[in-house]
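# Structural characterization, general
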Amino acid sequence: MVAQVLLLAMGAYTGLGLIVALLFVTFGVARVDPGASGAPLLFRALIAPGCVALWPLVLFWWCSAGGAAGARVGGRGSA
Amino acid sequence: MSASYTGIGWNRQKRIYDAVMIASIVIFLGAFYGLGRVLFRPPHDATDETLLIRGLGSCAIIMLHIVLWIGPLARLQPRLAPLLYNRRHLGVGTFVLGLCHAAFATVQFHGFGNVNPLVSLLTSNTQYGSLARFPFEVLGLAALLILFLMAATSHDFWNRNLTPRFWKSLHMCVYGAYALLVAHVSLGTLQQERSPLILATVGVSVAVTIGLHLAGARREARTDRGSEPAAGDSGPWIDAGPAADLPMDRARIVCARGGERIAVFRHAGGVSAVSNVCRHQGGPLGEGKIVDGCVTCPWHGWQYRPGDGCSPPPFKERVETYRVRIVAGRVRVNPTALAPGTPVEPAVIEEGARV
Ligand code: FES
């Protein structure tokens, strides 16, 4: 019973995470970090799993950045 | 390196690094399977699936050991620093192998009943009070979740946005994953193997891991104890040793008592000193070398000009610089950090000094 509830909760968390991650890597990431504007698809795919895992934080960043592009940090980098 | 994010910043070294990693994995899995077929004969026969599951798990834990060992090894033997260059791909590779191991094992041992395989994994054995029957799979699952979090946040985007300090702390969880995996392998072996060979190997590996980290920490502590104030000099200048002994394009790391580490580099223009801490993930700049006229971090190759601590354009990172002079053939460094990016004239080594 406990295991089932645990897995259900994890499934719900992951499901919500997938939706947030998809929207974030498509529309939100450049607002949060201007270094990501115009970044290639591979970059978006590589950060997506982290967005699924940390979606509440990602959502918080996105809301904090609001409409102002570049509200957080500049960036350079790769994997 | 690029001014904005890329997917993977491929260059020749990274390609070679990854090619060697993938080839080694394939060779290891092939050798493991071949040896398994020879060694496990009836009545101790092992199916192909079992060999694959064990091979993937063994490869993952060996790679995790390599990930953990190359940090202190590079500290003790600077020639091994290139191994650090693409360590995060090794980490991601470890996670992928662990995931394959877990997926195959879950399907093999829990996938053919009428209960959800994950529910079965969590509920089929609940003897947490017994060492001999402990559900070791759960420990592996917990380790896999930690490795996932680390692999998923390995891109520079996360380092930037989580802040390097938090990112570093998060990635220190690798030691938690390591402890869980050692317990996972040890308990699994206790329950399924008669031969003490695997347990002994795990014990030796853990001892080597601890030993290497202690030796690396001792080496760092020696640097951190601080260099002597320079004799006969006014002010806070510290002695950084004979200028002639400083190898060309390499650094000596010094530290004022209780102060920050400083990397003192000898380069074509003379001797310059910059902060030892890379702006990227805190890599030890003094363990890197001068490439194309720039101090190059041994971890992922970020660069800074020795004369002013600035990354070459189009990059904008800067590290602190320090005043340097040479008195009676010895390098002296003023340990008061100048603002990041402050230009400092290199100290010139007289003609005839050894390289
Ligand atoms: S720590 Fe990554 S380049 Fe220095």
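Residues numbered from 1 in each chain as written. Chains lettered and ligands numbered in written order. Predicted model: local features only at pLDDT ≥ 70, side-chain atom pairs only at ≥ 80, totals over all residues. Heavy atoms only, no water.

## Here we look at the overall build of chain A
Convention followed: Starting at the N terminus, helices and strands are each numbered in turn, a helix being any DSSP run of H or I of at least four residues and a strand any DSSP run of E of at least two. Think of it in three bands: with a 1.4 Å probe and only protein chains considered, a residue is buried below 20% of the maximum accessible area for its type, exposed above 50%, and partly exposed in between. Every residue pair with non-hydrogen atoms within 4.5 Å of one another is taken to be in contact. Note that accessible areas follow from Shrake-Rupley with a 1.4 Å probe, and for residues the cover is restricted to the protein chains shown.
Counting secondary structure elements, chain A contains three helices and zero strands. When its helices and strands are written in sequence order, chain A yields α-α-α. In chain A, which comprises 79 residues, the proportion classed as buried is 39%. Pairs at least 24 residues apart make up 72% of the contacts formed inside chain A by residues separated by at least 6 positions. Taken as a whole, chain A presents about 4000 Å² of accessible surface, with 79% of it coming from carbon and sulfur.

## Observations regarding a positive patch on the surface
All names here are of chain B. Under the convention used in this document: Residues form patches when they are more than 30% accessible in relative terms and have no salt bridge. Like charges link within 9 Å. Nonpolar side chains (Val, Leu, Ile, Met, Phe, Trp, Tyr) link within 5 Å. The salt bridge criterion pairs a side-chain nitrogen of Lys or Arg with a carboxyl oxygen of Asp or Glu, the two atoms within 4 Å. Just so you know, the count uses Lys and Arg for positive and Asp and Glu for negative, and it drops His and the chain ends. Where a charge lies is defined by one atom per residue type, namely NZ (Lys), CZ (Arg), CG (Asp) and CD (Glu).
A surface patch of like charges, here positive, comprises Arg218, Arg219, Arg222 and Arg225. Examined against the element boundaries, Arg219 turns out to sit in helix H9 (residues 197-224). Of the residues examined, Arg219 reaches a relative accessible area of 31% and is grouped as partly exposed.

## Here's the deal with the sheet that holds strand E4 (residues 270-275) of chain B
All names here are of chain B. To be explicit about the condition: Strands are treated as partners if at least two bridges between them are detected by DSSP.
What the four strands build is an open sheet, ordered E2-E3-E4-E8; its pairing is antiparallel. If you trace the sheet from one side to the other, it starts and ends with strand E2 (251-255) and strand E8 (321-322), each paired once. Bridge count for E4 against E8 is two bridges, and the pairing is antiparallel. For Val274, the partnering residue across the bridge sits in E8 and is Thr321.

## With respect to the nonpolar core
Short version of the rule: Joining through side-chain atoms within 4.5 Å is the link that ties buried Ala, Val, Leu, Ile, Met, Phe, Trp, Tyr and Cys residues into a set, and such a set is a nonpolar core.
The biggest cluster of nonpolar side chains holds 27 residues, and the ones touching the most others in it are B:Met63, B:Leu90, B:Leu97 and B:Leu285. Elements that contribute at least two residues to this core include exactly helix H1 (12-39), helix H2 (48-76), helix H3 (87-110) and strand E3 (261-267) of chain B. For this core, the element with the most residues is H2(B), which contributes seven residues. Sequence-distant contacts of B:Leu285, that is, excluding residues within four places in its chain, are made with B:Ala263, B:Phe265, B:Ser275, B:Asn276, B:Val277, B:Cys278, B:Val295, B:Cys297, B:Pro298, B:Tyr304 and B:Val319. In terms of nonpolar packing, the next biggest core, distinct from the first, is built from 24 residues, A:Val32, A:Phe43, A:Leu54 and B:Leu162 among them.

## With respect to the interface of chain B and chain A
What counts is decided by this rule: When two parts are put together, the accessible area they lose, computed with a 1.4 Å probe and summed over both, is reported as buried area. Identification of polar contacts relies on pairs of N or O atoms within 3.5 Å, with a donor-acceptor requirement for protein atoms, meaning one able to donate a hydrogen and the other able to accept it, and with residues adjacent in sequence counted only if both atoms are side-chain atoms. Three classes are used, and their members are as follows: Ala, Val, Leu, Ile, Met, Phe, Trp, Tyr, Cys and Pro are nonpolar, Asp, Glu, Lys and Arg are charged, and the others, Gly among them, are polar.
The interface of chain B with chain A comprises 32 residues on the first partner and 31 residues on the second. In this assembly, chain B packs against chain A so that about 2700 Å² is buried in total across both faces, 67% of it on carbon and sulfur atoms. For chain B, the biggest contributors to the area lost against chain A are B:Tyr5, B:Trp158 and B:Asn161; these three give 24% of the whole. Counting the contacts that link chain B with chain A gives zero salt bridges. At the boundary of chain B with chain A, the tally comes to three residue pairs in polar contact (both at pLDDT 80 or more). Going through the elements one at a time, H3, helix H4 (117-123), helix H5 (136-152) and helix H6 (156-162) of chain B are the ones with two or more residues in the side of chain B that touches chain A. At six residues, H6(B) tops the list of elements feeding residues into the side of chain B that touches chain A. Each residue belonging to the side of chain B that touches chain A can be placed in one class, and the counts come to 15 nonpolar, twelve polar and five charged.

## Regarding unusual backbone geometry
Residues and elements named next belong to chain B. The linkage connecting Pro313 with the following residue, Pro314, adopts the cis geometry, with an omega of 10 degrees. Looking at where Pro314 falls in the secondary structure, it is placed in the loop between strand E7 (303-304) and E8. Phi at Thr163 takes a positive value of approximately 80 degrees, unusual for a residue other than glycine. Topologically, Thr163 is positioned in the loop between H6 and helix H7 (164-171). Here the phi dihedral of Asp292 falls at roughly 50 degrees; this positive angle occurs in a residue that is not glycine. Among the residues examined, Asp292 registers a relative accessible area of 74% and is labelled exposed.

## Comments concerning H1(B)
All names here are of chain B. Put simply, the rule reads: To estimate the expected span of a helix, count its residues, drop one, and scale the result by 1.5 Å.
A rise of 1.5 Å per residue sets the reference length of H1, with its 28 residues, at 40 Å; its end C-alpha atoms lie 40 Å apart and thus fit the reference within 8%. By the burial criterion, the buried members of H1 are Lys14, Tyr17, Asp18, Met21, Ile25 and Gly36. Of the surrounding elements, those touching the buried residues of H1 are H2 and H3. Sitting at the head of H1, Asn11 places a side-chain oxygen 3.2 Å from the backbone nitrogen of Gln13.

## A word on the packing of H1(B) against H2(B)
Angle between the axes and distance between the axes are the two parameters that describe a pair of packed helices. Residues and elements named next belong to chain B. The test is simple: Axis geometry follows a simple rule: fit a line to the C-alpha atoms, using only the stretch in contact for helices, then measure angles between N-to-C directions, giving values from 0 to 180 degrees. An angle below 35 degrees is read as roughly parallel, one above 145 as roughly antiparallel, one from 65 to 115 as roughly perpendicular, and any other as oblique. The hand of a helix crossing depends on one turn: near helix anticlockwise from the far one by less than a right angle means left-handed, and clockwise means right-handed.
Look at H1 against H2: their axes get within 9 Å of each other, and the N-to-C directions meet at 140 degrees. Our classification of the angle between H1 and H2 gives oblique. In this structure, H1 meets H2 at a crossing whose hand is right-handed. Within the contact between the two elements, H1 uses Tyr17, Met21, Ile25, Phe28, Leu29, Phe32, Tyr33, Gly36 and Arg37 and H2 uses Asp48, Leu51, Arg54, Gly55, Leu56, Ser58, Cys59, Ile62, Met63 and Ile70.

## Re the confidence of the model for chain A
Definition in use: Residue-level confidence of the predictor is summarised by pLDDT, bounded by 0 at the bottom and 100 at the top.
Of all residues in chain A, 84% have pLDDT values of 70 or greater, and the mean over the chain is 87. Low pLDDT, under 50, characterises residues 69-75 of chain A; the predicted model gives this stretch 23 contacts beyond four residues in sequence or across chains.

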